[in-house]
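# Tertiary structure, described
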Amino acid sequence: KAGVTQTPRYLIKTRGQQVTLSCSPISGHRSVSWYQQTPGQGLQFLFEYFSETQRNKGNFPGRFSGRQFSNSRSEMNVSTLELGDSALYLCASSLIRSTDTQYFGPGTRLTVL
Amino acid sequence: AQTVTQSQPEMSVQEAETVTLSCTYDTSENNYYLFWYKQPPSRQMILVIRQEAYKQQNATENRFSVNFQKAAKSFSLKISDSQLGDTAMYFCAFPMNRDDKIIFGKGTRLHILP
């Protein structure tokens with residue numbers, strides 16, 4: 001099976017812009033989780049989607065949003081970008097629950113100037 | 001609050017040596033999985049090993065094994081016969097509760113020296 005794919009791999013944006021990141025899970029996986037990884041804060045949970053519904057959400061402002069499509073592909077959107085949003089954004093898929101084994105994508109490196 | 005702590009930010013060992021990475025956690029759950037994930041310099045996070053909390057037997061995957069002490073809430077990872085390819089950031093993780101999100105530790109950066 002193909003692994004988790006994320007596009008784009010790298011992004012450079014300026015403050016105030018918005019960005020959309022995409023994640024395609026492993027075929028058959030219905031749970032997709034998103035994480036923000038920074039050197040200072042480590043891995044922080046953003047949200048999890050299952051069957052097109054947000055099932056869990058982390059402690060991030062409303063500028064961070066996401067959605068999941070019927071084929072389990074997921075997108076996350078960050079509006080009004082801030083310098084502090086610069087990070088590696090990881091997507092992970094699992095069969096049913098995010099508390100099962102997760103399979104991670106390569107990540108999208110977002111730089112906000 | 002449910003937490004996971006990795007007390008060793010960085011470690012270095014010689015190739016072929018054995019190294020143990022520590023992790024302690026706190027949860028009110030009884031049945032759950034605990035995980036060790038590895039993130040090599042290429043950045044793709046992969047599962048190293050998984051332990052089911054209700055099993056007393058420690059999980060083993062080739063050179064990787066865990067020492068799971070449920071009462072002490074300790075979950076360490078032992079890497080035997082370490083190889084250069086083991087150089088990576090290692091994260092301990094467990095779920096906040098059965099149907100909730102995973103919490104990751106801050107990670108241990110492991111360097112395997114030739």
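Before reading on, note that the structure itself is shown above.
### Regarding the pattern of salt bridges
A full pass over the atoms with the stated rule returns 9 salt bridges over all chains. Here Lys55(B) makes a salt bridge to Glu52(B), at a shortest N to O gap of 3.2 Å. On the accessibility criterion, Glu52(B) (16% relative accessible area) is buried. A single network of salt bridges, built from pairs that share partners, joins Arg63(A), Glu82(A) and Asp85(A).

### As for the interface of chain A and chain B
Contacts between the two partners involve 22 residues from chain A, matched on the other side by 19 residues from chain B. Between chain A and chain B, the buried area comes to about 1800 Å², and carbon and sulfur atoms account for 50% of it. Taken as a group, Leu43(A), Thr99(A) and Phe104(A) account for 32% of the area that chain A buries against chain B, more than any other trio of residues on that side. At the junction of chain A with chain B, the criterion picks out 0 salt bridges.

### Focus on the pairing of strand β10 (residues 88-95) of chain B
Residues and elements named next belong to chain B. The element β10 is extensively covered by neighbouring structure, given that 8 of its 8 residues are classed as buried. Because side chains alternate across β10, one face comprises the buried residues Ala-88, Tyr-90, Cys-92 and Phe-94, and the other comprises Met-89, Phe-91, Ala-93 and Pro-95, equally buried. Pairing geometry for strand β5 (residues 33-39) and β10, over 5 bridges, is antiparallel. Its bridge partner being in β10, Lys-38 is matched across the sheet by Tyr-90. With 3 bridges joining them, β10 and strand β12 (residues 108-113) adopt antiparallel strand pairing. Looking across to β12, one finds that Ala-88 is bridged to Leu-110.

### What to know about the nonpolar core
Counting residues in each nonpolar core, the largest one holds 27 residues, and the members touching the most others are Trp36(B), Leu77(B), Tyr90(B) and Leu110(B). Put simply, the parts of the chain that give this core at least two residues each are β2 (10-14), β3 (19-21), β5, β6 (46-52), β8 (64-69), β9 (74-79), β10 and β12 of chain B. Sorting elements by how many residues they give to this core places β10(B) first, with 4 residues. Core analysis: the second largest hydrophobic core is formed by 21 residues, Leu81(A), Ala87(A), Cys91(A) and Leu110(A) among them.

### Overview of the state of the cysteines
This structure, assessed with the given rule, holds 2 disulfides over all chains. Note that Cys23(A) is cross-linked by a disulfide to Cys91(A), the S-S spacing being 1.7 Å. Handedness of the Cys23(A)-Cys91(A) disulfide follows from its S-S torsion of about -50 degrees: it is left-handed. Residue Cys23(A) is located in strand β3 (residues 19-24), and its partner Cys91(A) is located in strand β9 (residues 87-94); the two are separated by 68 residues in the primary sequence. Both residues of the pair, Cys23(A) and Cys91(A), count as buried. The side chain of Cys23(B) participates in a disulfide bridge whose partner is Cys92(B); the two sulfur atoms lie 1.9 Å from each other.

Definitions and limits used
- Residues numbered from 1 in each chain as written.
- Chains lettered and ligands numbered in written order.
- Predicted model: local features only at pLDDT ≥ 70, side-chain atom pairs only at ≥ 80, totals over all residues.
- Heavy atoms only, no water.
- Salt bridge = Lys/Arg side-chain N within 4 Å of Asp/Glu carboxyl O.
- Buried < 20%, exposed > 50% of the residue type's maximum accessible area, 1.4 Å probe, protein only.
- Contact = heavy atoms within 4.5 Å.
- Buried area = accessible area lost by both parts, 1.4 Å probe.
- Helix = DSSP H or I, 4+ residues; strand = E, 2+ residues; numbered from the N terminus.
- Pairing = 2+ DSSP bridges.
- Core = buried A, V, L, I, M, F, W, Y, C linked by side-chain atoms within 4.5 Å.
- Disulfide = S-S within 2.5 Å.

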